[in-house]
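As a plain string of letters, each chain reads:
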Amino acid sequence: MAISHDDLLSLDLGTLLAGLPPTGAWRGLFELPDLSFGLRSTGSAVEVVPATGINDAWDFEFLVGESEWTAFCSTPCPRGFTTAQALVATSGGAPVRGDRAVWARAALVVDRVLAALRDTVTTAPQRRPDPAAPAPGLSPVVGRYLTVEVEGRSQRLYFESAGTGPPLVCLHTAGADSRQFRYLLEDPELTAQWTVYAFDMPWHGRSEPPADWQRQTYRLTTATYAATVLAFMDGLGLERPVLAGCSMGGAIALYLAAEHGERFTGVCALEGGLGNPSRFVDWTNRADVDHSLFLTSWVGGLIAPTSPAGPAAQTLWGYAQSGPGIYQGDTYFYSQDLPRVADSLGAARCPLYVFSGEYDYSATTEMSRAAAERLGGQLVEMAGKGHFPMSEDPASFAEYFLPVLALLHDKYER
């Protein structure tokens, strides 16, 4: 998997980095097996520079060992080696030395350059085809607002719904919103059997933050999250819905299955685990780092390399639109608050299914299996799937999801 200096010089950085804004002035040193080089950003352009000189100064270094580079360049690559950012996230930041804030500003440049170098020595995995484009005309999805009281405070929640039949309530991932469930809401096979609801948590999407949001540091807690989900159900009069949450939504789904399982016909925890402290990081909420860009790198490695290009890109677009500090505030719940109560949880009080994608290193299959065993649920392993199965690869995800929903449909009591 050796890369030559000629491979490096063959990269057209102007084309490769198209669409990225100026990242400020910085210098980065890259140490790969058999190749060392520097990148210098002048503020308006990035160029390759030699990695020599006793007086050279680097803002950060990015080091990849032989075994890591071999895994990164393999087809298919294993979990944790899909992107340069994945290497950082799964190793506790080990590849990065120096000023991590500067690296965070340059993260998308690093992602693209290392991916391009990989493409010079290996064949990229074939992506599954994009879903068919929607037919012209109105979508069957209807959007509305619902005002509820949560912990003594009025909350105006935006939600979308479609379909007929028993209720299916969907919870989005950290720093995102209900658009992640667009494909489920427009799936005629699903909506012929279920009334699908997907809502934006407060501070997310089209649900409003408090009026003094500029003077607050957003932190989501387990208690507030659970109360919001139950208030949404009560506000619409939903009796014993099936709950399907992903990532942080999958984590609160596990909690609700154990603490309020009698309120649900069943719970589907997508990429669900009982907490991961490594997901709460400083880089996602700093005034000197554009969070809207950094987040697309931070979560980009969680997307499976074979997911359709269009849905994968739209999944990242949702993260590019997240409000400042919202992703970090959500990961406070997942990384710090939920683990404090996880040990006290008993068995699920309703049927529980924990879905796990092969490429998810935020809620790994090992974490999901432990949660399923702990709460008495069933693990559903999804080969070749990432952390956002319903939005990054909806057609393939349906092959796992719809059979479980069929089982739960038979259990619904009207």
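What counts, and where the lines are drawn
- Residues numbered from 1 in each chain as written.
- Predicted model: local features only at pLDDT ≥ 70, side-chain atom pairs only at ≥ 80, totals over all residues.
- Heavy atoms only, no water.
- 1 Å grid on protein atoms, 1.4 Å probe; cavity = no way out; pocket = protein on both sides within 12 Å on 5 of 7 lines; lining within 4 Å.
- Points joined across faces, edges and corners; volume = space filled by probe spheres on them.
- Helix = DSSP H or I, 4+ residues; strand = E, 2+ residues; numbered from the N terminus.
- Pairing = 2+ DSSP bridges.
- Right-handed = clockwise from strand over helix to strand, strands pointing away.
- Core = buried A, V, L, I, M, F, W, Y, C linked by side-chain atoms within 4.5 Å.
- Buried < 20%, exposed > 50% of the residue type's maximum accessible area, 1.4 Å probe, protein only.
- Contact = heavy atoms within 4.5 Å.

Side note on empty space enclosed by the protein
Okay, so step 1: If you walk through the whole model with that rule in mind, you get one cavity of 30 Å³ or more.
Okay, so step 2: Approximately 90 Å³ is the volume found for the largest cavity.
Okay, so step 3: For the largest cavity, the lining is made up of 14 residues, of which Ala-174, Ser-247, Tyr-327, Ser-362 and His-387 are closest to its centre.
Okay, so step 4: If you tally residues by element for the lining of the largest cavity, the top one is helix H12 (residues 326-342), at three residues.

Concerning unusual backbone geometry
Okay, so step 1: Omega for the peptide link from Thr-75 to Pro-76 comes to -5 degrees, which places this bond in the cis form.
Okay, so step 2: In this fold, Pro-76 is placed in the loop between helix H3 (66-72) and helix H4 (84-90).
Okay, so step 3: Positive phi, normally seen in glycine, also occurs at Ser-247, with a value near 60 degrees.
Okay, so step 4: One can find Ser-247 in the loop between strand E10 (242-246) and helix H9 (248-259).

Points about the pairing of strand E13 (residues 378-382)
Okay, so step 1: Sheet topology note: the strand E12 (residues 352-357)/E13 ladder contains five bridges and is parallel. Bridged to Gly-357 within E13 is Met-382.
Okay, so step 2: As a crossover connection, the stretch from E12 through helix H13 (residues 365-375) into E13 is right-handed.

As for the nonpolar core
Okay, so step 1: Counting 107 residues, the largest nonpolar core has Phe-62 and Trp-103 as the members making the most contacts within it.
Okay, so step 2: For this core, the leading source of residues is helix H5 (residues 100-119), giving twelve residues.
Okay, so step 3: Look past the residues within four positions of Phe-62 in its chain and what remains in contact with it is Leu-29, Phe-30, Glu-31, Ala-84, Val-88, Pro-95, Val-96, Trp-103, Val-110 and Leu-114.
Okay, so step 4: Formed by 28 residues, the second largest nonpolar core is a distinct cluster that contains Val-141, Ala-162, Phe-181 and Trp-194.

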